[in-house]
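Examination of the molecular architecture
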Amino acid sequence: MPLTRSFSMTSLSGVLPQWEEEDLPVDQLLLFEVAWEVTNKVGGIYTVIQTKAKVTVDEWGENYYLMGPYLEHNFRTQVEACEPPHPAVRDAMDALIHSGCQVFCGRWLIEGSPCVILFDVGSAAWNLDRWRGDLWESCNIGLPDHDQEANNALILGSLVAWFFKELTDRLGDALNVVAHFHEWQAGVGLILARARKIPVATVFTTHATLLGRYLCAGNFDIDREAGERQIYHLYCLERAAVHCAHVFTTVSHITAVEAQHILHRKPDVITPNGLNVKKFSAMHEFQNLHCSNKARIQEFVRGHFYGHLDFNLEKTLFFFIAGRYEFTNKGADIFLEALSRLNYMLRVHKDDVTVVVFFIMPAKTNNFNVESLKGQAIRKQLWDTAQAVKEKFGGKLYEALLKGEIPEMNSILDRDDFTIMKRAIYATQRHTLPPVTTHNMLDDSNDPILSNVRRIGLFNARSDRVKIIFHPEFLSSTSPLLPMDYEEFVRGCNLGVFPSYYEPWGYTPGIYVVDRRYRSADESCSQLTQFMFGFCQQSRRQRIIQRNRTERLSDLLDWRFLGRFYVHARLLALSHAFPDKFKMDHAAPPKAEGFRYPRPYSVPPSPTASVHSTPHHSDVEDDDDDDDDDHQPYDEDEEAERDRLNIRGAPFVLGGWEEK
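Position numbers for residues start from 1 in each chain and track the written sequence from start to end. Given that the model is predicted, a residue must reach a pLDDT of at least 70 before its local features are reported, and side-chain atom pairs must reach 80 or more before they are shown or counted; all residues, however, enter totals for whole chains, interfaces and linings. Computation of side-chain values: all heavy atoms of the structure, hydrogens and water removed.

Here a strand is any run of E in DSSP of at least two residues, a helix any run of H or I of at least four, and the numbering for each starts at the N terminus. The helix and strand tally for the protein chain stands at 22 helices and 17 strands. Only protein chains enter the accessibility calculation, which uses a 1.4 Å probe. A residue is then buried if its area is under 20% of the maximum for its type, exposed if over 50%, and partly exposed in between. Each of the 660 residues in the protein chain was classed as buried or not, and the buried ones make up 53%. Note on contacts: a residue pair is in contact if any heavy atoms of the two residues lie within 4.5 Å. Sequence-distant contacts, at least 24 apart, represent 76% of the contacts inside the protein chain between residues at least 6 apart.

Written out as structure tokens, the structure reads:
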């Protein structure tokens, strides 16, 4: 029995728009989502699917499946093997298995525990030549022998289409199937399913067009550009999937405009990315979570900068950028230049704030570098030494106090204790600068981030107020260097910076918005620098106020609200694929009360740069000020009420978008 959705309300109760329930008989349907990143973390699509799973399982229950490639390590560490809940699904899997292909089923160990069906691409590679011929006969798209990524996508797509054929033959009219495909790697299955007239309602979502990643801007001939970049066959696969789908969706209006020009189809629905927002019963709970995770980051920094730890960690801010290693598209180029300018401004103003910046972008490495591991080992050795001396010191102090004496230091710590502490201090001596990267890079001299670090000269010198740490792999709680999951790491940081040049709204709804359209790189860089410098000038209280507001407004990005766009897309696909059973007026897409909020008082205006970013009552406050009588106190309830008033009802078209 599917669970009904319930909104998570805190101080925004009664503000979020009310939606009309769309009649989607999930008990008569099976929903499959197909993506290369199911249980396989590559980029942002993994996060989309993972965070959306809980809401989708609540709605669809056992009628929801995820499909993707089988990777042995991922299956062993992330999936609990089990039988599929539906006999028809089991029979369809058996049909493929008996034909020599390996198919696995299990529960993905994430929130919601959705059922996953994973296809072993390698076990079916012997069919590659035949399936390439089928693709050519179906839609005149040829794949080159050397393109392993395209060939793997073809094998996965052929297995998915084969599975749907076996499944629908067994289901008959008992249940209808909705198949939602993400990105071109999964789109081959959609193309083949439509070419073979398999009775499946199809939805295709592009999170970023393939050619758009290469071009980003400018006027061009689409076919010629794709050919020159030797991705014409991939572009054809993507375009074919877009035009074969019953419903085509994108994740933002920016990508919608791009898709219309590059892929020549206007999206039917915009499906913005959401978050699985976890609410706390009190505001201080997530502040405490920030403090505990920040303390773990500080421990790593103590080890990484051993011998050069001449800055105050209590006045150190942690910034980060994370994502796929696309240096220009993700805005790492403008970020580095802005950090260079920020370093200059902090030094000129003789500010005691230090900024440690993390670049979390996976690159080719062969291992952790020795200096990084050595730093953490030295930190642990110092901690162990301090603990041993503390226990000895504490015991003798306790005994002296029981006797009513205040002991001399020399009577508590003997000569050996001082020797041990001196040896520990000497071990922290360092004759080199702290490393910029935590790993040994395979192509250090040509790496874009490291090359630009050399250009701007941010080598983690003592005089630098901005320090850089390049961590070229995704974070993991099992790492011996920085044992934190990404969510924990984000909670511990002060500011995430995502100045993407391409598709900026994938997973980065902004507090500060840097304008890059119709602006030069220098102007955008200056604006970003001002934002970061203004953030560095905030007091701790101002940052807490800003964090509280962000947490309170996060309901607007919850999947329990934004998931409705997916509901609408599925119903639209069903009405196209099975018009006799599912009725929908396509000429008049439903509207719902939406939201738009004017610039709140505590957020800087954009595009105009501003150094003030929290309520003005806190602008003059200093962390060390004890006398607050002269300043009007910040009222959290008043600020929450202001948020309610700022969120206004506005027409928000659910079924489409308007090009401006």
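Nonpolar side chains tend to gather and get buried jointly when the protein is soluble and globular. As used in this record, nonpolar core signifies buried Ala, Val, Leu, Ile, Met, Phe, Trp, Tyr and Cys residues forming a set joined through side-chain atoms within 4.5 Å. Counting 67 residues, the largest nonpolar core has Phe32, Ile117, Phe119, Phe163, Phe164 and Leu167 as its most contacted members. Per-element tally for this core: the top contributor is helix 5 (residues 148-171), with 13 residues. Residues within four places of Ile117 in sequence aside, it is in contact with Phe32, Tyr65, Leu66, Met67, Gly68, Val89, Met93, Val103, Phe104, Cys105 and Phe163. In this structure, Leu24, Trp60, Trp108 and Val247 belong to the second largest nonpolar core, which totals 41 residues.

Looking at the protein chain, pLDDT values average 83 and 82% of them are 70 or higher. A residue's pLDDT is the predictor's confidence in that residue, given on a scale from 0 to 100. Under a pLDDT of 50 for its full length, residues 1-19 has, in the predicted model, 50 contacts with residues more than four places off or in other chains. Taken as a whole, residues 648-655 scores under 50 in pLDDT and shows 27 contacts with residues more than four places along the chain or in a different chain.

Along helix 10 (residues 253-262), the residues that are buried comprise Thr255, Ala256, Glu258, Ala259 and Ile262. Mapping the buried residues of helix 10 onto a view down its axis gives an arc of 165°, with all of them on the same face. Positive phi appears at His264, one or two residues downstream of helix 10, with a value of about 60°. To obtain the arc, one takes the directions from the helix axis to the C-beta atoms.

The subject of this paragraph is the pairing of strand 8 (residues 247-250). In strand 8, alternate side chains face the same way, and those of Val247 and Thr249 on one face and Phe248 and Thr250 on the other are all buried. Relative to strand 8, strand 7 (residues 200-206) is paired through 4 bridges, and the arrangement is parallel. The residue bridging Phe204 from the neighbouring strand is Phe248, located in strand 8. Here strand 8 pairs with strand 9 (residues 269-270) via 2 bridges, running parallel. Note that in strand 9 the partner of Thr250 across the bridge is Ile270. What makes two strands pair is DSSP finding at least two bridges between them.

Attention now goes to the sheet that holds strand 11 (residues 354-360). With respect to topology, 4 strands assemble into an open sheet ordered 14-11-10-15, the strand pairing being parallel. Edge positions in the sheet fall to strand 14 (466-471) and strand 15 (495-496), since each has one partner strand and no second. In the sheet, strand 10 (residues 316-322) pairs with strand 11 via 7 bridges, with the strands oriented parallel. Bridge pairing links Phe320 to Phe358 in strand 11. As a rule, the C-alpha atoms of each element are fitted with a line to give its axis, helices using only the stretch in contact, and angles between N-to-C directions run from 0 to 180 degrees. Its contacts with the sheet place helix 12 (residues 332-348) against strand 10, strand 11 and strand 14, and it is angled at close to 170° to strand 11.

For the rest of this paragraph, the subject is the sheet that holds strand 9. Spatial strand order, 3-4-5-2-1-6-7-8-9: 9 strands in an open sheet with mixed pairing. In this open sheet, the two strands that pair with only one neighbour each are strand 3 (79-81) and strand 9. In this fold helix 1 (residues 44-60) packs onto strand 1 (29-34), strand 2 (64-69), strand 4 (103-108) and strand 6 (176-182), with an angle of close to 155° to the strand it touches most, strand 2. Packing of helix 9 (residues 232-244) onto the sheet brings it into contact with strand 7 and strand 8, and relative to strand 7 it is tilted by some 130°.

As a further point, take the environment of Thr428. Within the secondary structure layout, Thr428 lies in the loop between helix 15 (415-427) and strand 13 (439-441). Sequence-wise, Thr428 and His308 are 120 residues apart; in three dimensions their C-alpha atoms are separated by 8.9 Å. Beyond its immediate chain neighbours, meaning those up to four positions away, Thr428 contacts Tyr306, Gly307, Ile378 and Leu382. What qualifies as a polar contact is a pair of N or O atoms within 3.5 Å, subject to a donor-acceptor requirement within protein and to the restriction that residues adjacent in sequence count only when both atoms come from side chains. A polar contact of 2.5 Å, which involves the side chain of Thr428, links it to the backbone oxygen of Ile425.

With that out of the way, let us pick up the packing of helix 12 against helix 18 (residues 521-536). Contact pair helix 12 / helix 18: the axes reach a minimum separation of 8 Å and the direction vectors enclose 50°. Considered as vectors, helix 12 and helix 18 are oriented oblique to each other. Handedness of the helix 12/helix 18 crossing: right-handed. Judged by residue contacts, Ile334, Phe335, Glu337, Ala338, Leu339, Arg341, Leu342, Met345 and Leu346 of helix 12 engage Ala521, Asp522, Ser524, Cys525, Ser526, Leu528, Thr529, Gln530, Met532, Phe533 and Cys536 from helix 18. Note on residue categories: nonpolar means Ala, Val, Leu, Ile, Met, Phe, Trp, Tyr, Cys or Pro, charged means Asp, Glu, Lys or Arg, and polar means any other residue, Gly included. In terms of residue class, the contact of helix 12 with helix 18 is built from 13 nonpolar, 4 polar and 3 charged. For classification purposes, an angle smaller than 35 degrees is called roughly parallel, one larger than 145 roughly antiparallel, one from 65 to 115 roughly perpendicular, and anything else oblique. What makes a crossing left-handed is the near helix being turned counterclockwise from the far one by less than a right angle; a clockwise turn instead makes it right-handed.

Before going further, it helps to examine the packing of aromatic side chains. Ring geometry is summarised as follows: Phe, Tyr and Trp rings, the Trp one being its six-membered ring, pair when their centres sit within 6.5 Å, and such pairs are stacked at plane angles under 30 degrees, edge-to-face over 60 and tilted between the two. One pass over the full model with this rule turns up 24 aromatic pairs. For the ring pair Phe32 and Tyr65, a centre distance of 5.1 Å and an interplane angle of 15° mean the geometry is stacked. Remark: Tyr65 occurs in strand 2 and Phe32 occurs in strand 1; sequence separation between them is 33 residues. Given a relative accessible area of 0%, Phe32 falls into the buried group. On the numbers, 6.4 Å between centres and 80° between planes, the contact of Phe164 with Phe181 is edge-to-face.

Our next topic: the environment of Ala208. Mapping Ala208 onto the fold places it in the loop between strand 7 and helix 7 (210-215). Residue classification places Ala208 among the buried residues on the basis of a relative accessible area of 3%. Distance from Ala208 to Thr250, taken between C-alpha atoms, is 7.8 Å for residues 42 residues apart in sequence.

The backbone phi angle of Thr39 is positive, close to 60°, even though this residue is not glycine. You will see that Ser113, though not glycine, has its phi angle at about 45°, which is positive. Within the fold, Ser113 resides in the loop between strand 4 and strand 5 (115-119).

Our next topic: helix 5. Over its 24 residues, helix 5 runs 34 Å from end to end, which matches the ideal 34 Å to within 8%, given 1.5 Å per residue. Here helix 5 lies mainly inside the structure; 18 of its 24 residues are buried. By the N-cap criterion, in which a side-chain oxygen at the helix start approaches the backbone nitrogen of a residue two or three places on, helix 5 is capped by Asp147, the distance to Glu149 being 3.3 Å. Positive backbone phi, approximately 60°, marks Gly172, located one or two places after helix 5. One fewer than the residue count of a helix, multiplied by 1.5 Å, yields its expected span.

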